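Architecture and fold: a report
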Amino acid sequence: MATETLHSRGTGQWIDSSDGQHWWFDAGSVALDFAYTGGDLTTPEGETVHDARELNEWFAERFPEVAPTAGDREFTDARTLREAIGRLARQASRGESLSPDLVDVVNLFAATPDIPPVLAGGARQAGRSSARPHQALGTIARDAVRLFGPAAGGRIRECSAEDCEYVYLDTSRSGNRRWCSMQRCGNRAKVRAHRARAAAN
Ligand SMILES: [Zn+2]
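All values reported here derive from a predicted model rather than from experimental measurement.

1. Considerations on the environment of A120
Within the secondary structure, A120 sits in the loop between α4 (100-110) and α5 (133-147). With 43 residues separating them along the chain, A120 and D163 place their C-alpha atoms 46 Å apart.

Given below as structure tokens:
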């Protein structure tokens, strides 16, 4: 499928949004999930990864082969990358052209070593915790290259709810995902539609 990203890694995370809700948001790609650790893409509202320790924890859930050795330098780089991905996602969801300086940031990280894929079943024990945090950034940046490339055209969208701006990659087969989350916005829209119908009767 054209929109294939790093699904084997699993996507989605808990979000604490500015409206006080705690909810599960699957942004559809590792790169987008990563961007949301910095907040809601344009402001730090709802930031979940504030420092190197939290970055190590976030990596540990998705990249078990990465050693938890991120320090301030890695966190600073991570913040640079996630801000670029977040702003690009906003632009892509609105059909705007992507800022060359942001594209350069993604390309810079994508050109660094990523986490190498490992085939199970070898005689030698594959190294555990053998990758560095910067390799996780390389992997995330490569996911961003696929995310913002031509293959995902039109599938980076904003939630259809009027008062919600969460951006996701629609990975559904039918391509008709409308909500950041069914539980959060999908059901609210259904309830509103139901009330409107009831009021009309
Ligand atoms: Zn929404």
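Still to come is the rest of the account.
2. Side note on the packing of helix α3 (residues 72-93) against α5
Where α3 meets α5, the axes come as close as 10 Å, and the angle between the chain directions of the two elements is 5°. By the angle between their axes, α3 is roughly parallel relative to α5. Residues R73, E74, D77, A78, L81 and I85 of α3 pack against P133, H134, L137, I140, A141 and A144 of α5.

3. Re the pattern of salt bridges
A complete count under the given rule lists 14 salt bridges for this structure. In this structure, the salt-bridge partner of E158 is R90, at a minimum N-O distance of 3.2 Å. In this pair, E158 is assigned in strand β3 (residues 156-158) and R90 in helix α3, connecting sequence segments 68 residues apart. Salt bridges sharing common partners tie together R90, R94, E158 and E165.

4. Side note on the coordination of the zinc ion
Only C159 (SG), C164 (SG), C180 (SG) and C185 (SG) from the protein coordinate the zinc ion, and they sit 2.3 to 2.4 Å from it. Considering all 4 donor atoms around the zinc ion, angles at the metal cover 102 to 118° and the coordination shape is tetrahedral. Within one chain, the residues donating to the zinc ion are spaced in sequence as C-x4-C-x15-C-x4-C. In this pair, C164 sits in the loop between β3 and β4 (167-169) while C185 sits in helix α6 (residues 182-200), placing the two residues 21 residues apart along the sequence. Comparing C164 with C185, the two get one shared label, buried.

5. What to know about the nonpolar core
Burial of nonpolar side chains together is a common tendency in soluble globular proteins. F34, F59, I85 and I140 are the most contacted members of the largest nonpolar core, which has 52 residues in total. Elements represented by at least two residues in this core include exactly β2 (22-25), α1 (30-35), α2 (52-62), α3, α4, α5 and β4. The biggest single contributor to this core is α3, with 7 residues. Residues contacting I85, with those up to four places away along its chain left out, are A31, F34, A35, V106, I140, A144 and F148.

6. A closer look at the side chain of D143
Among the structural elements, D143 can be located in helix α5. The buried category is assigned to D143, whose relative accessible area is 0%. One polar contact links D143 to S29, side chain to side chain, over a distance of 3.4 Å.

7. Side note on the confidence of the model for the protein chain
Summary statistics for the protein chain give a mean pLDDT of 90 and a share of 93% for residues scoring 70 or more. Ranking the elements of the protein chain by mean pLDDT puts α6 last, at 87, and α4 first, at 98. Low pLDDT, under 50, characterises residues 1-7; the stretch is placed with 23 contacts to residues that sit more than four places away or in other chains.

8. Observations regarding the environment of N176
By secondary structure assignment, the location of N176 is in the loop between β4 and α6. Considering only alpha carbons, one finds N176 and R155, 21 residues apart in sequence, at a separation of 9.1 Å. If near-sequence neighbours (up to four positions away) are discounted, N176 is found in contact with R157 and D170.

Calculation notes
- Sequence order as written defines residue numbering, which begins from 1 separately in each chain.
- Note on the predicted model: pLDDT of at least 70 is required for a residue's local features to be given, and 80 or more for side-chain atom pairs to be given and counted; whole-chain, interface and lining totals, by contrast, use all residues.
- Remark: hydrogens and water are excluded; side-chain values derive from all non-hydrogen atoms of the structure.
- The way it works is that DSSP assigns letters per residue, a run of H or I at least four long becomes a helix, a run of E at least two long becomes a strand, and they are numbered from the N terminus.
- Fitted lines through C-alpha atoms give the axes, limited to the stretch in contact for helices. The angle between two N-to-C directions lies from 0 to 180 degrees.
- Geometric relationships in this document are graded by angle, where less than 35 degrees denotes roughly parallel, more than 145 denotes roughly antiparallel, 65 to 115 denotes roughly perpendicular, and other angles denote oblique.
- Two residues qualify as a contact provided that any one of their heavy atoms is within 4.5 Å of a heavy atom in the partner residue.
- When a carboxyl oxygen of Asp or Glu is within 4 Å of a side-chain nitrogen of Lys or Arg, the pair counts as a salt bridge.
- Here a donor is any nitrogen, oxygen or sulfur atom (N, O, S) within 2.8 Å of the metal, with 3.2 Å used for Na, K and Ca; water is not among the atoms considered, so some sites may look incomplete.
- Tetrahedral means four donors with every angle between 85 and 135 degrees, whereas square planar (four donors) and octahedral (six donors) require angles over 155 degrees between opposite donors and between 65 and 115 for all others; sites fitting neither are termed irregular.
- The buried label goes to any residue with under 20% of its type's maximum accessible area, the exposed label to any with over 50%, and the partly exposed label to all in between, with areas taken from a 1.4 Å probe on protein chains only.
- Note on terminology: a nonpolar core comprises buried Ala, Val, Leu, Ile, Met, Phe, Trp, Tyr and Cys residues joined through side-chain atoms within 4.5 Å.
- Between N or O atoms, a polar contact is any pair within 3.5 Å; within protein, one atom must be a potential hydrogen donor and the other a potential acceptor, and residues adjacent in sequence are included only when both atoms are from side chains.
- Values of pLDDT, ranging from 0 to 100, describe the predictor's confidence in every residue of the model.

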